[in-house]
Amino acid sequence: MDRPPVTVLIIDGDAASRNYLSAMLLKEGYQVLTASLGREGLISAWKDQPGIIIIDPVLPDIPGLEVVARLRQDRRTAKVPCVALSSQEDAQEMSALLAAGCNEYMLKSGDALARLFQFLPRLSNKESTLAKRGKMIAFLSAKGGTGTSSLCANIAMCVASTKADKRVAVLDLVLPIGSIANIVGYDDRTNLIFTALQKPEATNATYFKENLPRISGWYFYLLAGPPDPASSTQLASDRVAGIMDALLDSHDYLFVDLGRSLSRISLPIIQQANALALILGTDLATCTLTQTILEYLKTLGIDTRRIFAIQNRSVGLEGLTKPEAEKLIGLPIQVTIPYLGDNLTVANNRHEPFIYRFPNDATSMALRQVASQVLELSEKQFR
Ligand SMILES: Nc1ncnc2c1ncn2[C@@H]1O[C@H](COP(=O)(O)OP(=O)(O)OP(=O)(O)O)[C@@H](O)[C@H]1O
Ligand SMILES: [Mg+2]
């Protein structure tokens, strides 16, 4: 379908990257405007009304952050999509820019350009496609063995089985070895590593629509994690963002198992997630660690209203009570999953969802309820 060309304004002090990017954009059929200074960029944005603005956060005259803030404050550019294209990864810079109103933060290196080109049509056609992006619900914990993967799989299953008209996917991002495949009994070869080894342009939304396996009995589509530590060393971390984008474009809900990692891979995901399921244990050590992690996430600008804290009694110890744990982490705990004896492990070993193996257990009801609450949180707009 022929549409009038979209004009992209590039604000970048570096001539080489400005020229390279504008040549690429012209080749893709965009019209291009360039500015080497922040002030010049602002004037062009207000006067020429580009459809998209790409900005390097580091500019010779004023900080890119200030440019973005001023674009957002002005009626003429308040809604123009902005992409920050940075030459170095900086989590604080990223959260500041996203908070100031940038739609995306990308790196100049790696497969960033392929990802940018995947992303631009969506930005220039905002109402019809951007709104359709799926919601992301990330599961994480401060310590291993807290039940993160079991809960992620089982809660995603509750969503997928009740929302028959929605596409639900689970992405296992736990390195160096994933476990969701094991829990659901998937042993075929489509996994994160296999996918990331393919060309970025090949793993677009259509690819995921057509190639992700749907797990029988669990109702969701799965992108399994690394099957072994050796293969996980093959993962180029700069491929993950593009894969996430394509998964969000091809699914209504994306559940991500991040395990207990806070890394270059997981932090941007935590920042983008619509809801964060934070799994706590009952022991003092885990809760103290969780509190430290929460403090860190707050410094990155994560809105704690997006956090859904689940206390999971994964071991049969008394441990901290809910109020004690809440006091320690400084956040309300939305739900407590009791110690289930061997039952969850039995269900996992048989690759069966807990609610099917133990339909009459009160926890089955709790899991369904958590699923609908987490979904609701992921749909909520916070301002
Ligand atoms: N509430 C519970 N009651 C009893 N057992 C549980 C409970 N929650 C989890 N488990 C068991 O604890 C073990 C660890 O669970 P799981 O693999 O989901 O945790 P994890 O946080 O993902 O661990 P890892 O750090 O290995 O990724 C499993 O055997 C699981 O069946
Ligand atoms: Mg796990």
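A brief look at the structure comes next. (Residues numbered from 1 in each chain as written. Chains lettered and ligands numbered in written order. Predicted model: local features only at pLDDT ≥ 70, side-chain atom pairs only at ≥ 80, totals over all residues. Heavy atoms only, no water.)

**A closer look at the side chain of Thr146**
Our working rule: The helix count covers DSSP runs of H or I at least four residues long, the strand count covers runs of E at least two residues long, and both are numbered beginning at the N terminus. Contacts between residues were defined by any pair of non-hydrogen atoms, one from each residue, lying within 4.5 Å.
Among the structural elements, Thr146 can be located in the loop between β6 (135-141) and α7 (148-162). Those residues in contact with Thr146, other than ones at most four positions away along the chain, are Ser141, Ile279, Leu280, Gly281, Thr286, Asn312 and Ser314.

**Structural notes on the packing of aromatic side chains**
As a reminder, the rule being used: Ring geometry is summarised as follows: Phe, Tyr and Trp rings, the Trp one being its six-membered ring, pair when their centres sit within 6.5 Å, and such pairs are stacked at plane angles under 30 degrees, edge-to-face over 60 and tilted between the two. Accessible area is worked out with a 1.4 Å probe on protein chains only. A residue is then buried under 20% of its type maximum, exposed over 50%, and partly exposed in between.
Overall, the coordinates contain 4 aromatic pairs when judged by the stated rule. For the pair Trp218 and Phe220, a centre-to-centre distance of 6.0 Å together with 55° between the ring planes defines the contact as tilted. Trp218 sits in the buried class, given a relative accessible area of 1%. Each ring, one from Phe354 and one from Phe358, has its centre 5.2 Å from the other, and the planes form 40°; the classification is tilted. Here Phe354 and Phe358 have matching classes, each one buried.

**Quick look at the pattern of salt bridges**
In plain terms, the rule: The working definition used for a salt bridge is a side-chain nitrogen of Lys or Arg within 4 Å of a carboxyl oxygen of Asp or Glu.
Tallied over the full model, the rule gives 15 salt bridges. With its nearest N and O atoms 2.9 Å apart, the salt bridge here joins Arg76 to Asp74. Residue Asp74 is classed as buried on the basis of its relative accessible area, which comes to 17%. Residue Glu352 is joined to Arg350 by a salt bridge in which the shortest nitrogen-to-oxygen separation is 2.9 Å. Salt bridges sharing common partners tie together Asp12, Asp56 and Lys108.

**Here's the deal with the environment of Tyr221**
Along the chain, Tyr221 falls in strand β8 (residues 221-223). In the structure, Tyr221 is positioned 83 residues away from Ala138 in sequence and 16 Å away in space, judged by C-alpha atoms. Setting aside chain neighbours within four positions, we find Tyr221 in contact with Arg167, Val168, Ala169, Val170, Leu212, Pro213, Arg214 and His251.

**Examining the site of ligand 1**
Quick reminder of the rule: Whether a residue is near a molecule or strand depends on its heavy atoms: if one lies within 4 Å, it is near. Nitrogen and oxygen atoms within 3.5 Å of one another constitute a polar contact, given that in protein one can donate a hydrogen and the other can accept it, and given that sequence-neighbouring residues count only through two side-chain atoms. In this count, Pro and Cys sit with the nonpolar residues alongside Ala, Val, Leu, Ile, Met, Phe, Trp and Tyr, while Asp, Glu, Lys and Arg are called charged and the others, Gly among them, polar.
Taken together, the neighbourhood of ligand 1 is formed by 17 residues, with Gly145, Ser149, Ser150, Asn312 and Leu340 sitting nearest. At 2.7 Å from a nitrogen atom of ligand 1 is found a side-chain nitrogen or oxygen belonging to Asn312. Here a nitrogen atom of ligand 1 sits 2.8 Å away from a polar atom, N or O, in the main chain of Leu340. When contributions to the shell around ligand 1 are tallied by element, the ones reaching two or more residues are α7 and α16 (343-349). Class assignment for the residues of the shell around ligand 1 results in 4 nonpolar, 12 polar and 1 charged.

**Side note on the packing of α7 against helix α18 (residues 362-379)**
To characterise two packed helices, one gives the angle between the axes of the helices and the distance between these axes. Rules: Lines are fitted to the C-alpha atoms to define the axes, a helix being fitted only along its stretch in contact, and any angle between axes, read from their N-to-C directions, falls within 0 to 180 degrees. Oblique is the label for any angle not covered by the other classes, which are roughly parallel (under 35 degrees), roughly antiparallel (over 145) and roughly perpendicular (65 to 115).
In the contact formed by α7 and α18, the axes pass within 8 Å of each other and the chain directions differ by 80°. Here α7 is positioned roughly perpendicular relative to α18, judged by the angle of their axes. Touching Leu151, Asn154, Ile155, Cys158 and Val159 of α7 are Leu367, Arg368, Val370, Ala371 and Leu375, all from α18. Residue classes in the contact of α7 with α18 are distributed as 8 nonpolar, 1 polar and 1 charged.

**Focus on the sheet that holds strand β1 (residues 7-11)**
Formally: Whether two strands pair comes down to DSSP finding at least two bridges between them.
Taken in spatial order, the 5 strands line up as β2-β1-β3-β4-β5 in an open sheet, and their pairing is parallel. Here the strands that pair on one side only, and so sit at the sheet edges, are β2 (31-35) and β5 (104-107). Sheet twist, expressed as the average angle between the axes of neighbouring strands with direction ignored, equals 20°. Bridge analysis of strand β4 (residues 82-86) against β5 gives 4 bridges, and the strand direction is parallel. Its bridge partner being in β5, Ser86 is matched across the sheet by Leu107. The strands that helix α1 (residues 15-27) touches are β1, β2, β3 (52-55) and β4; relative to β2, the one it contacts most, it runs at about 165°.

**What about the pairing of strand β9 (residues 253-259)?**
A large share of β9 lies buried, amounting to 7 of its 7 residues. In β9, alternate side chains face the same way, and those of Tyr253, Phe255, Asp257 and Gly259 on one face and Leu254, Val256 and Leu258 on the other are all buried. Across 6 bridges, β6 lies against β9 in parallel orientation. The residue of β9 that forms the bridge with Lys135 is Tyr253. Note: strand β7 (residues 168-172) against β9, 5 bridges, orientation parallel. Directly across from Val168, in β9, lies its bridge partner Tyr253.

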